[in-house]
Amino acid sequence: MKLFVATHNQHKVREISQILPDFEVVPDDPEGVEENAPDFIGNAFVKVRAIAAGHPGEWCMADDSGLEVRALGGEPGVRSARYAGEPASTPNNNALLLRNLEGVEDRTANFTCAVALVDPGGREHSAVGRCFGRIALAPSGAEGFGYDPLFIPDGFDRSFAELSAEEKNAISHRGRALAAARKIVMAGADGQ
Ligand code: IMP
């Protein structure tokens, strides 16, 4: 079954394809949309609505995710990609996060991923996944992307960037949100 996904991020397409191997993931760039909602699910709906009009009768999906750090009041949150300002820079974002947590004892954090879906009949659905952990004192690992070298998931002593794709997908915010999204799509597909 085809699943149109509102993204131009090849890394994301690969992760979604790994987590949803029974779907043909077709990326569609939601060009020019302003991701200015105050929360992840709002931004996911902005993106999926932008592509759904172009794919009537098909399943469409968008996700929006980010890192929330307790001691920083939930920051970087929806600003995760551009935490250190424009243009978006992973090294700058990670350096700023470490700077803002200098001397901070409570390093509790979680990733959140919100998924918005539009079904072939135009109805909207949503799913959310979270992964809890802590921010390391220094980066480690070379896998993944974004804040992965700084995030140590609960139950592990390695960062996301030191886990294999399979290990990360099994516990990640995106893995959990997409597993829930998969159930919604499968249930909908059965009912049509
Ligand atoms: P997006 O909404 O999924 O594009 O994510 C926004 C930003 O959140 C990314 O640019 C990353 O900085 C951060 N982020 C989201 N998911 C992850 C992840 O799995 N690992 C590391 N960083 C992530």
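Report on the accompanying structure. What you are looking at is a predicted structure, and each value in this text was computed from that prediction instead of being measured.

Analysis parameters
Residues numbered from 1 in each chain as written. Predicted model: local features only at pLDDT ≥ 70, side-chain atom pairs only at ≥ 80, totals over all residues. Heavy atoms only, no water. Pairing = 2+ DSSP bridges. Helix = DSSP H or I, 4+ residues; strand = E, 2+ residues; numbered from the N terminus. Axes fitted to C-alpha atoms, helices over the stretch in contact; angles between N-to-C directions. Near = heavy atom within 4 Å. Polar contact = N/O pair within 3.5 Å; in protein donor to acceptor, adjacent residues only side chain to side chain. 1 Å grid on protein atoms, 1.4 Å probe; cavity = no way out; pocket = protein on both sides within 12 Å on 5 of 7 lines; lining within 4 Å. Sits in = over half its atoms within 2 Å of the grid points.

Let's talk about the sheet that holds strand β4 (residues 108–118)
No. 1: Across the sheet, six strands lie side by side as β2-β1-β3-β4-β5-β6; this open sheet has mixed pairing. Only two strands of the sheet have a single partner each, and these edge strands are β2 (24–28) and β6 (151–153). Strand-to-strand, the axes of this sheet are offset by a mean angle of 35 degrees, without reference to chain direction.

Brief notes about the site of the ligand
No. 1: Taken together, 14 residues are adjacent to the ligand, and Lys12, Ser65, Asp148, Lys168 and Arg174 come closest.
No. 2: In the environment of the ligand, an oxygen atom lies 2.8 Å from a nitrogen or oxygen atom belonging to the side chain of lysine 12.
No. 3: At 2.9 Å, a side-chain N or O of arginine 174 approaches a nitrogen atom of the ligand.
No. 4: Its atoms largely coinciding with the cavity grid, the ligand occupies the largest pocket.
No. 5: Going through the elements one at a time, β3 (59–69) and α5 (173–190) are the ones with two or more residues in the shell around the ligand.
No. 6: A total of three residues in the shell around the ligand trace back to one element, the largest contributor, which is β3.

A short note on unusual backbone geometry
No. 1: In this structure, proline 76 follows glutamate 75 across a cis peptide bond, with omega equal to 0 degrees.
No. 2: Position of proline 76 relative to the elements: it lies in the loop between β3 and α3 (90–100).
No. 3: In the segment running from glutamate 86 into proline 87, the intervening peptide bond is cis, with an omega of -10 degrees.
No. 4: Along the polypeptide, proline 87 turns up in the loop between β3 and α3.

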